[in-house]
Each structure stands twice: as structure tokens, then as C-alpha cells.
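Topology and contacts: notes
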Amino acid sequence: MTHASLFSGIGGFDLAAEWAGFENIFTVEIDEFCNKVLEKNFPAVKKYKDIYEFNGTKYTGQIDIISGGFPCQPVSQAGKRKGTADDRWLWPEMLRIISEIKPTWIIVENVYGMLNIENGLVFKQVHADLEAEGYETQTFIIPASAKNAPHRRNRVWIIAHTNEERLQGKFGTNGKERQEIRDKQFARRNRAWENDWVEVATTLCGVDDGVPGRVDRLKALGNAIVPQVAYEIFKSISTIEKDHK
């Protein structure tokens, strides 16, 4: 199966996809330091920089999973919380690329503040946008500490699956069968670690060992996902796809 990431950062999603046996096709990331990390760790993967300039039509029907943690500053409880009025609100660009490529699966990650910004209307709109594109969605709140990271760091994970061939065809259309699919997908999300969080962070980008001359590395780590959480999601998706072939 194939995977591509948007707002790729230092490649947390791409690392998790690689662990799960997926082929990484491309990344989209504008930060210069993060692109250096991506080039070092994923040299064979196609790199794109500006999300506004990226056109996904060349990849239509070729990507099984698109993942992305679009910028959290507009909804973060640590910021001014301008929501959709913030010029960093880039969900519409991620949605545009989803509509161009039409992947089978989508993984969206963002901060906990996404749930209640604008009285929950932003969160509901993201789901409505995906449903309008033909996807069924499910949301999970999974903290980094669920995979033994040394901090809680609650994150919103939205998993979307095409509502066409699989759910209307051989997966059936009744609610009970769809719920069984979802339950199976995430039944193993509480398994023990398979990789140590600190070791993974060090492999990707290093960890804080004092005050650096530049803060690129710490900023990149602060914006990164915990790959072990994403890995459980990728692995579950892989299992579902294999079981229903």
C-alpha cells in the first residue's frame, strides 16, 4: 500500500508508515530544517514544499493513505485561537488535495483544542467536509503517554475511509458491520511499545541535551507526532485491507 504525508514535519507519519510496510510516495513540507531531516531519512521519497503550489491530480487514485497534521496554531489553547480566521488555517488546502487524489484512507491529527474552538463548529466542519467528499469518519483522542511517551499530550486523530467501494460493496452497508470494522481496526491500539520513544526521537532529530545555538530542532520535535501512535493506526488499516481482499 502507498502513503503520502502533508505538513510532513520531520517525518513522524512517514516513519510510522515505513514501520507498517507502506511505501512512502511523497511529502509536502515548507520548513527548511524539516526538509533537511526528510531528505536525510527518506532520500527516495519525492519532496514538495509549498502546500499552496502542490497539485495532487498527478497522483489521483495512486495513494492509499494520506496523512497530515495541519498547523495547530489557529486552534491551540496555547495561542490566540483565531480559528478559521487565522491565515495559518490550512485545512482547506488539505481537503483540496484529498479531493484531487481521492485516497482510500485519511489520517488527520491535531491538538485537543480543535474540539471546542468556535463552540465545536470547526471540528464538525472538518467531518462534514470529509463526508461531503464521500468518506466515513471516526475520531479518537489518543495521548502520547498511551505509547509510554514521558508526557500526556492529548491529540485528536480523525480516521476517514472511503464510503464507496468497500463500505457499499464487499464490506456491506449495515451499521453493525461497519462498527465491527471500526472495532477491529483499533482493537490493538493499546499494545505495548515496540520501539522506545526516546530512541525514536533521537533517530529522527535528536533530543534536548541543553540550550542549542538554534531552535530548529526543538521546534521540529515540538510539532512532531509520536510515530508509535500513528504506527498502530497504519498497522490496523493494513490488517483490515488484508482481511477483506
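In this report, we go over the structure that sits alongside the text. Model, not experiment: these values are computed from the prediction. (Residues numbered from 1 in each chain as written. Predicted model: local features only at pLDDT ≥ 70, side-chain atom pairs only at ≥ 80, totals over all residues. Heavy atoms only, no water.)

Quick look at the pairing of strand S5 (residues 105-111) now. The buried count for S5 comes to 7 of 7 residues, which makes it a mostly enclosed element. Bridge count for strand S4 (residues 65-68) against S5 is 4 bridges, and the pairing is parallel. Across the sheet, Ile66 pairs through a bridge with Ile106, a residue of S5. The pairing of S5 with strand S7 (residues 154-162) spans 7 bridges and is classified as antiparallel. Counted as the bridge partner of Val108 is Ile158 from S7. (Buried < 20%, exposed > 50% of the residue type's maximum accessible area, 1.4 Å probe, protein only. Helix = DSSP H or I, 4+ residues; strand = E, 2+ residues; numbered from the N terminus. Pairing = 2+ DSSP bridges.)

Here we have 7 strands laid out as an open sheet, ordered S3-S2-S1-S4-S5-S7-S6, and mixed in their pairing. Because the sheet does not close on itself, it has two edges, and the strands there are strand S3 (46-48) and strand S6 (135-143). Taking each pair of neighbouring strands and ignoring which way they run, the sheet shows an average axis angle of 20°. Relative to S7, S6 runs antiparallel, the two being bridged by 9 bridges. In the strand pairing of S7, Tyr135 is matched with Thr162. Across the sheet, helix H4 (residues 121-132) lies against S5, S6 and S7, angled at about 145° from S6, the strand it touches most. (Axes fitted to C-alpha atoms, helices over the stretch in contact; angles between N-to-C directions. Contact = heavy atoms within 4.5 Å.)

Working note: a packed helix pair is described by the angle between its axes plus the distance between those axes. Interaxial distance between helix H3 (residues 91-101) and H4 falls to 11 Å at its minimum, and their mutual angle equals 15°. The angle between the axes of H3 and H4 places the two elements in the roughly parallel class. Note that H3 runs across H4; the crossing there is right-handed. The residues of H4 that touch H3, namely those facing Trp91, Leu95 and Ile98, are Val126, Asp129 and Leu130. (Parallel < 35°, antiparallel > 145°, perpendicular 65-115°, else oblique. Left-handed = near helix turned anticlockwise from the far one by under 90°.)

Our next topic: the environment of Glu18. Relative to the assigned elements, Glu18 resides in helix H1 (residues 12-19). Glu18 gets classed as partly exposed once you look at its relative accessible area, which sits at 43%. Once residues lying within four places of it in the same chain are set aside, the contact partners of Glu18 are Asn24 and Phe42.

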